[in-house]
Amino acid sequence: VQVMPEIREYNGNTLSYVTDGEEEELGCKLFKKYELGKLLGYGAFAKVYHARDLRTGESVAIKVMSKQRILKKNLTAHIKREISILRQLRHPHIVRLHEVMATKTKIYFVLEFAKGGELFGKIAKGRFSENLSRKYFQQLISAVEYCHSRGVFHRDLKPENLLLDDDWELKITDFGLSAVSEQIQPDGLLHTLCGTPAYVAPEILAKKGYDGAKVDIWSCGIILYVLNAGYLPFNDPNLMVMYRKICKGQFRCPKWTSPELKRFLTRILDPNPNTRITIQEMINDPWFRNGYEEIKYPTDNEFEFKNSSEG
Ligand code: ADE
């Protein structure tokens, strides 16, 4: 297959198994409620399995995290934050958190199952047309705007966190690194170094304090570039060279990119966070606006009503 070795290679570098001694296995029953299926993916702190709700037969994704690792890495506050954030988010393009369970050693997040798997699984087969790139970008921005307006920043937006449901619609997952505005330092900026090399904004690399919203916008720009081009805008086998390219914000678009998209990308991938495009400006951009319909989602009140009437 003619694909982007950069992306595959990069994925390969970030993967590491979590072993806790007791492994979940295919067909095992969790809390007499879910039957565990195959492993869907894994990261530094978690594994994600497909599972079936034994009562309804519904498919779910279960994210398993070892408590020991969480405690060792002092991530308890982090995880608690992830839980409270995810529980609040209700948007058609964000993976829903159904419930959280725990054993002595592990935490289980029961998530909405995104049947289509990783968006990048599809992109690895080539690149997307400008129209399809726009459709997914609009869905991404709709979800990001929803989060930002609630003071929630993802801070680790990258293709692995973008999934597709059975209608080929986008679902963002994994808010493990997201920060709520309460975590903001007295200077109003976030300070932790986190994120993924190819997708992190220049201000993070420069180890300056940063604005979570601006950082997410940058990552969205990288994602848009990759959707359209099929490869990364800033890349080099040598990480230092890649960082330098990111900080200069110099990139070239492939020949098939329209002038409108090129202009738009230049506004997003602006290394200066203060002049970088805002979400509101994005939504008003002629390239972005094309066919854009604001997504209507139920209000929290409507959800409360639905939940209580279900009894
Ligand atoms: N991989 C990680 N999270 C997932 C989810 N919610 N659905 C499907 N695959 C996933």
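Scroll up to find the structure this text is about.
Residues numbered from 1 in each chain as written. Predicted model: local features only at pLDDT ≥ 70, side-chain atom pairs only at ≥ 80, totals over all residues. Heavy atoms only, no water.

Colleague: Talk me through helix H8 (residues 239–248); I want residue IDs and the actual numbers.
Modeller: Of the residues that open H8, the one with a side-chain oxygen 2.8 Å from the backbone nitrogen of Met240 is Asn238. Positive backbone phi, approximately 65°, marks Gly249, located one or two places after H8. (Polar contact = N/O pair within 3.5 Å; in protein donor to acceptor, adjacent residues only side chain to side chain. Helix = DSSP H or I, 4+ residues; strand = E, 2+ residues; numbered from the N terminus.)

Colleague: Outline the site of the ligand, listing residues and values.
Modeller: Around the ligand, the neighbouring residues are Leu40, Val48, Ala61, Val95, Glu112, Phe113, Ala114 and Leu163. Within the backbone of Glu112, an N or O atom sits 2.9 Å from a nitrogen atom of the ligand. Residue Ala114 places a main-chain N or O atom 2.9 Å away from a nitrogen atom belonging to the ligand. The protein chains hide 87% of the 260 Å² of surface that the ligand would expose on its own. Counted by class, the shell around the ligand contains 7 nonpolar, no polar and 1 charged residues. (Near = heavy atom within 4 Å. Areas by Shrake-Rupley, 256 points an atom, 1.4 Å probe, with all protein chains shown as cover. Nonpolar A, V, L, I, M, F, W, Y, C, P; charged D, E, K, R; others polar.)

Colleague: Please set out the packing of aromatic side chains residue by residue, giving values where relevant.
Modeller: Per the counting criterion, the structure on display carries 10 aromatic pairs. With a centroid separation of 5.9 Å and 80° between ring planes, the pair formed by Phe137 and Phe288 is classed as edge-to-face. With Phe137 in helix H5 (residues 130–149) and Phe288 in helix H11 (residues 286–289), this pair connects stretches of sequence that are 151 residues apart. A relative accessible area of 0% places Phe137 in the buried class. (Phe/Tyr/Trp six-rings, centres within 6.5 Å; stacked < 30°, edge-to-face > 60°. Buried < 20%, exposed > 50% of the residue type's maximum accessible area, 1.4 Å probe, protein only.)

Interpretation note: all reported values are geometric properties and have no functional meaning in isolation.
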